[in-house]
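Report on the structure
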Amino acid sequence: MCRLLAETADLLEISGGDSFRIRSYRNAAEAVESTTLELSAIAEDAKKLQEIPGIGKAMAANLLAIERTGTLPMREELLTKYKATMLELLRLPGMGPKSVNSLWQALGIADIDALEAAIDAGKLETLPRFGKKQAEKLKKGIAEYRRNSSRFHIDEAELAAEKIAAYLTSFPGINSVTPAGSLRRGRETVGDIDLLATGPGCEENCVSSAVEYAVAYPPIVDILAKGQNKVSFRLRNGLQVDVRLLPRASYGAALQYFTGSKTHNVALRQRALKQGYTLSEYALARLDDGSVVAGATEVEIYAALGLDWIAPELRENYGELEAAAEHRLPELIEPTDIRGDVHMHTDASDGRNTIRAMADAALARGYEYIAITDHSKNLAMINGLDDRRALEHIVRIKQVDSEMEGRLRVLSGIEVDILNNGELDLSNDVLAQMDVVIGSVHSLFNQTEEQMTERMLRAMENPYLRILGHPTGRLLLRREPYKLNLPKILRRAAELGVTMEHNAYPDRLDLCDRDLRLAKEMGVRIVVNTDAHQISHLEKMRFGVLQLRRAWLTKEDVLNTRDASSLLAALRTNA
DNA sequence: GCCGTTTTCGGCCCGACTGTTTTCAGTCG
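Here, residues in each chain are numbered from 1, in the same order as that chain's written sequence. Chains carry letters and ligands carry numbers; both start at the beginning, A for chains and 1 for ligands, and go up in the order they are written. A pLDDT threshold of at least 70 governs which residues receive local features in this predicted model, and a stricter bar of 80 or more applies before side-chain atom pairs are shown or counted, although totals over entire chains, interfaces and linings include all residues. By convention in this description, side-chain values take in all heavy atoms of the structure and omit both hydrogens and water.

Let us look at the pairing of strand β13 (residues 409-417). Burial analysis of β13 places eight of its nine residues in the buried class, the great majority of the element. The pairing criterion is simple: DSSP has to find at least two bridges between the two strands. Strands here are runs of E lasting at least two residues and helices are runs of H or I lasting at least four, both read from the DSSP assignment and numbered beginning at the N terminus. Across seven bridges, the pairing between strand β12 (residues 369-375) and β13 is parallel. Looking at the pairing, Ile372 lines up with Ser412 of β13. By convention a crossover is right-handed if, when the strands point away from the viewer, the path from the first strand over the helix to the second runs clockwise. A crossover connection joins β12 to the parallel β13 through helix α19 (residues 387-403); in handedness this β-α-β unit is right-handed. For every residue, the accessible area (1.4 Å probe, protein chains only) is compared with the maximum for its type, and the residue is labelled buried under 20%, exposed over 50%, or partly exposed between those bounds.

What follows is the structure, given as structure tokens:
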């Protein structure tokens, strides 16, 4: 529903429709995404639907149409004039609705391949407002887009995996379904989903009915392969899924094998050979007589090879096998170690919920503290706080802090914008009154790596900036290709005692595990936040923690595993 | 399109930057 409404908004915008009507569709898409109501259950009830803010009479009818027909009239009408592939063009940096429309009207360009062909043929520069620079920029954007678009963010993949798992386990012969592959290893993005299922209906002699059940999963658009105990299909959103139905005796071996990574498995099998075993997806067996040594669980396989069980997040052949052999694997950080989240937004800027609502949600998650860090004034578009409003906001935050009566500390903070010259966009007097000051870069347009890096390095000199946050591209819509000299920044952060933020938001390119390993090496302190813009975003914390685990980080390496006063004391050491 | 209301229609977050112009439209956050 959400996607259809957002697409309709994009199409409307391309068609040059009324901007306020467009916003209504966008608002409705967001409302649908964030509501806790079961929409398909109340789709017939226009009154109930209209109780959702942003849904009026017409939109309620649209939702009903979507529920009944899978589409809505406005979208269908627009699709007779435009093509669905044009929405993809909007994802390119520098391409907006007007440009997409003019490409379509003048050259009949409706997708990325056609655009690339037109650029190569030099046709683009014949159009008004398209010049050489624009063409070059688009060309780069296309390459970048192709690199990223074939993989899915982990949250999206996990959601899809959960749904498929729920479907599969409703079959009487399947009692457990586990994701393997890069999803299990906690990679930020996954290329496809590997699911391993087992249960009495997955044993060799009776697996065929389970296979039939699997391929009947409704959201399948294309069955790519259907074998004896494996099916492979594509979902509506383009995600490829491999499901393997496995007998219980070899489940551990299969889980180990399909979890990977490839390099980890190669190293593990080499180790097995040296010890007189052979490891396959079916079992760990003796080389001499072929007798099975282990296979039902991963633990017994690793143990038979003289290894401690290795967490999937570590299986990248970065030295985990040696560490497991010597019993010195790190005690990785757990989601339950996180005691607070110090980056969240409220309805004072671009968040959706009130301070109190965020506080209640954090308390429900078992946190001891949070920091409210709305945007500062440089982000005018989303009503960022200037000095005066920031001070008023502190008062409100303190009010909620006292309302929580010690059950949850609510710290006052701000996410300031780092300007071109490295200055922050609020006065030091105001920043001095904040518990938490996160410095982020938001305007990245046409910045070189050197300029971006220099900007962040300069900001780090400001004693009021306690946490260096992430640079962000276009908010939530697009991932701006940006570059930073991270080693340089991390080195300086270590020198100055500036904490680096690791953001749990999976659709942002953030500190990847390589950067995090580097940070650990250099002794840079990390704080993991969600950058929650609404209550539901708090759930994303586990994805951030997964990345920390992939980088071998322990509880000791992360600042917000401590209580509030230790955290604040640590943050103030550089103030 | 939605909302709030002075129940019938007007208001609905904006400032900076870019590349193309030869005065500004389009994109970005």
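Centres within 6.5 Å are what make two rings of Phe, Tyr or Trp a pair, Trp counting through its six-membered ring; a difference in plane orientation under 30 degrees is then read as stacked, over 60 as edge-to-face, and the rest as tilted. Enumeration according to the criterion identifies five aromatic pairs in this entry. A centroid spacing of 4.4 Å and a plane angle of 5° characterise the contact between Tyr167 and Tyr213, whose relative ring orientation is stacked. Taken together, the residues Tyr167 in helix α11 (residues 154-169) and Tyr213 in helix α13 (residues 208-215) connect sequence positions 46 residues apart. Considering the side-chain rings of Phe171 and Tyr213, the 4.9 Å spacing of their centres and the 35° angle between planes classify their relative orientation as tilted. With Phe171 in the loop between α11 and β2 (176-179) and Tyr213 in helix α13, the pair connects residues that are 42 residues apart, well separated along the chain. On the accessibility criterion, Phe171 (15% relative accessible area) is buried.

On to the side chain of Asn560. Within the secondary structure, Asn560 sits in the loop between α24 (541-550) and α25 (564-572). For Asn560, a relative accessible area of 0% corresponds to the buried category. We call two residues in contact whenever any of their non-hydrogen atoms come within 4.5 Å of each other. Ignoring sequence-local partners within four residues, the contact set of Asn560 consists of Asp337, Ile338, Arg339, Gly340, Asp341, Tyr369, Val527, Val528, Asn529 and Leu567.

Among buried residues, the Ala, Val, Leu, Ile, Met, Phe, Trp, Tyr and Cys ones that are joined through side-chain atoms within 4.5 Å form a nonpolar core. With 57 residues, the main nonpolar core has Ile370, Val410, Ile414, Leu468 and Met500 as its most contacted residues. Counting 45 residues, the second-largest nonpolar core is a separate cluster that includes Ile22, Leu72, Leu78 and Ala135.

Our focus in this paragraph is helix α9 (residues 112-120). By the burial criterion, the buried members of α9 are Ile112, Leu115, Ala118 and Ile119. Buried residues of α9, seen end-on, are gathered within an arc of 120° and therefore sit on one face of the element. Within α9, the exposed residues directed more than 90 degrees away from the buried face are Asp113 and Asp120. In this structure, the buried residues of α9 make contact with α7 (86-89), α8 (97-107) and α10 (132-149). Pairs of N or O atoms are called polar contacts if they sit within 3.5 Å, as long as, within protein, a hydrogen donor faces a hydrogen acceptor (for residues adjacent in sequence, only side-chain-to-side-chain pairs). Here α9 starts with a cap whose side-chain oxygen sits 3.2 Å from the backbone nitrogen of Asp113, and that cap is Asp111. Our arc is simply the arc of the directions from the helix axis toward the C-beta atoms.

Before going further, it helps to examine the packing of helix α21 (residues 449-460) against helix α22 (residues 486-496). A pair of packed helices is characterised by two quantities: the angle between their axes and the separation of those axes. Axes here refer to lines fitted to C-alpha atoms; in helices the fit is confined to the stretch in contact. Angles between the N-to-C directions go from 0 to 180 degrees. Running from N to C, α21 and α22 cross one another at 5°; their axes reach a closest spacing of 10 Å. Put simply, α21 runs roughly parallel to α22. The residues of α22 that touch α21, namely those facing Thr453, Met456, Leu457 and Met460, are Lys488, Ile489, Arg492, Ala493 and Leu496. Three residue categories are used. Nonpolar comprises Ala, Val, Leu, Ile, Met, Phe, Trp, Tyr, Cys and Pro, charged comprises Asp, Glu, Lys and Arg, and polar comprises the others, including Gly. Split by residue class, the contact of α21 with α22 holds six nonpolar, one polar and two charged. Roughly parallel here means an angle under 35 degrees, roughly antiparallel means over 145, roughly perpendicular means 65 to 115, and every remaining angle is called oblique.

Keep in mind these values describe shape, not function.
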